[in-house]
Amino acid sequence: MTTHLFRDDAYLRSCEAKVLGVNDRGGIVLDRTVFYATGGGQPGDSGILEFEDGSTLGIATAVYDADGSTVIHVPAEGQQLPAEGVSVVAHVDWQRRYRLMRVHTALHLLSVALPFPVTGGQIGDGEGRLDFDMGEEALDKDGLAARLNEMASADHPVASEWITDEELDANPGLVKTMKVKPPRGNGKVRLVRIGETVDLQPCGGTHVARTSEIGTLALGKSEKKGKQNRRVRIRLTD
Ligand SMILES: [Zn+2]
């Protein structure tokens, strides 16, 4: 079980930690981490572990162990693995992570601008997509881009709050994504709120603190996926 520092503060770029062990596939377990582990359509962080002698070990990505809460730091190939009990400073690749945070938050706005059920999604480095069950509904791309940029530049605060499993079960309308399960654990679910009323939905990912940090968005190619689904892509323009 790893303490997930990224959950309370997405802006933490590094933390001190202890190596709890290396699993049989060479994945490194720390007692606490700033590395977001792959989940909810957001890829895991890359970065480095820095040792007391100044040497470093590259981390290719982070994933959850089978228990769903222990973060496995997956080293880039061909490196010497650390011993148990060693102290490290874990650093995420902040440039990449910050772009992922901006795209992730922008996808929340996309789910507001297109109020249809979300059937899938993917957050990438500088771009992302959501699949909507919107049938034959026409897609006004210029209007959609304008609406997204209007919401982003309105500088809405993005905050998280927690509710109980029972409260979520009593409010199923909060769940927009049919594929991504709400991030449950210890009887609590994390909700992400944008503005007072712009958006509120369960999410375990990392977000920017204010929507203006997203910058200007452009729409990418949209395409039909099956009979009902439309795939809509957005990207950062810087
Ligand atoms: Zn989110």
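The rules behind the values
Residues numbered from 1 in each chain as written. Predicted model: local features only at pLDDT ≥ 70, side-chain atom pairs only at ≥ 80, totals over all residues. Heavy atoms only, no water. Helix = DSSP H or I, 4+ residues; strand = E, 2+ residues; numbered from the N terminus. Rg over C-alpha atoms; globule rule 2.2 N^0.38 Å. Buried < 20%, exposed > 50% of the residue type's maximum accessible area, 1.4 Å probe, protein only. Contact = heavy atoms within 4.5 Å. Areas by Shrake-Rupley, 256 points an atom, 1.4 Å probe, with all protein chains shown as cover. Phe/Tyr/Trp six-rings, centres within 6.5 Å; stacked < 30°, edge-to-face > 60°. Axes fitted to C-alpha atoms, helices over the stretch in contact; angles between N-to-C directions. Parallel < 35°, antiparallel > 145°, perpendicular 65-115°, else oblique. Left-handed = near helix turned anticlockwise from the far one by under 90°. Nonpolar A, V, L, I, M, F, W, Y, C, P; charged D, E, K, R; others polar. Salt bridge = Lys/Arg side-chain N within 4 Å of Asp/Glu carboxyl O. Domains from an automatic or database assignment. Buried area = accessible area lost by both parts, 1.4 Å probe.

(A) Region of the structure containing the overall build of the protein. Helices and strands together make up the secondary structure of the protein, namely 4 helices and 17 strands. In terms of C-alpha radius of gyration, the protein reaches 19 Å, essentially the compact-globule figure of 18 Å for 238 residues. In terms of its C-alpha atoms, the protein occupies a principal-axis envelope of roughly 60 × 40 × 35 Å. Counting all 238 residues of the protein, 46% fall into the buried class. In the protein, of all internal contacts separated by at least 6 residues, the share reaching a separation of at least 24 is 64%. For the protein, the computed accessible surface area is about 11,700 Å², with 48% contributed by carbon and sulfur atoms.

(B) Looking closely at the packing of aromatic side chains. Applying the stated rule across the entire model yields 4 aromatic pairs. Both rings, one in Phe6 and one in Tyr36, keep their centres 5.4 Å apart while their planes meet at 75°; by these two values the pair is edge-to-face. With Phe6 in helix α1 (residues 5–8) and Tyr36 in the loop between β4 (32–33) and β5 (47–51), this pair connects stretches of sequence that are 30 residues apart. A relative accessible area of 4% places Tyr36 in the buried class. Ring centres 5.5 Å apart and planes at 25° place the aromatic pair Trp94 and Tyr98 in the stacked group.

(C) Focus on the packing of helix α2 (residues 94–113) against helix α3 (residues 141–153). It is at 10 Å that the axes of α2 and α3 come closest, and there the two elements cross at 125°. It follows that α2 is oblique to α3 by the angle criterion. Helix-helix and strand crossings are classified by hand; for α2 and α3 the assignment is right-handed. For the pair formed by α2 and α3, the contact residues are Leu109, Leu110, Val112 and Ala113 on the first element and Leu144, Arg147, Leu148, Met151 and Ala152 on the second. Split into classes, the residues belonging to the contact of α2 with α3 amount to 8 nonpolar, no polar and 1 charged.

(D) Spatial organisation of the pattern of salt bridges. Using the criterion set out here, one finds 10 salt bridges in the structure. Here Arg193 makes a salt bridge to Glu161, at a shortest N to O gap of 2.8 Å. Taken together, the residues span a long stretch of sequence, with Arg193 in strand β13 (residues 188–194) and Glu161 in strand β11 (residues 158–164) at a distance of 32 residues. Judged by its relative accessible area of 29%, Glu161 falls in the partly exposed class. Among the ionic pairs, Arg233 bridges to Glu223, the shortest N-O distance being 2.8 Å. Here Glu223 lies in strand β16 (residues 223–225) and Arg233 lies in strand β17 (residues 229–236), a separation of 10 residues in the sequence. Note on Arg233: relative accessible area 26%, which makes it partly exposed. Under the relative-accessibility criterion, Glu223 is labelled partly exposed at 22%.

(E) Local environment of the domain arrangement of the protein. What the domain assignment reports for the protein is domain 1 (3–92) and domain 2 (97–236). Summarising the inter-unit geometry, the C-alpha centres of domain 1 and domain 2 are found 27 Å apart. Taken together, the 11 residues of domain 1 in the interface contact 18 residues of domain 2. Overall, the association of domain 1 and domain 2 removes approximately 1,200 Å² of surface from exposure, summing both partners, and the carbon and sulfur fraction of that is 52%.

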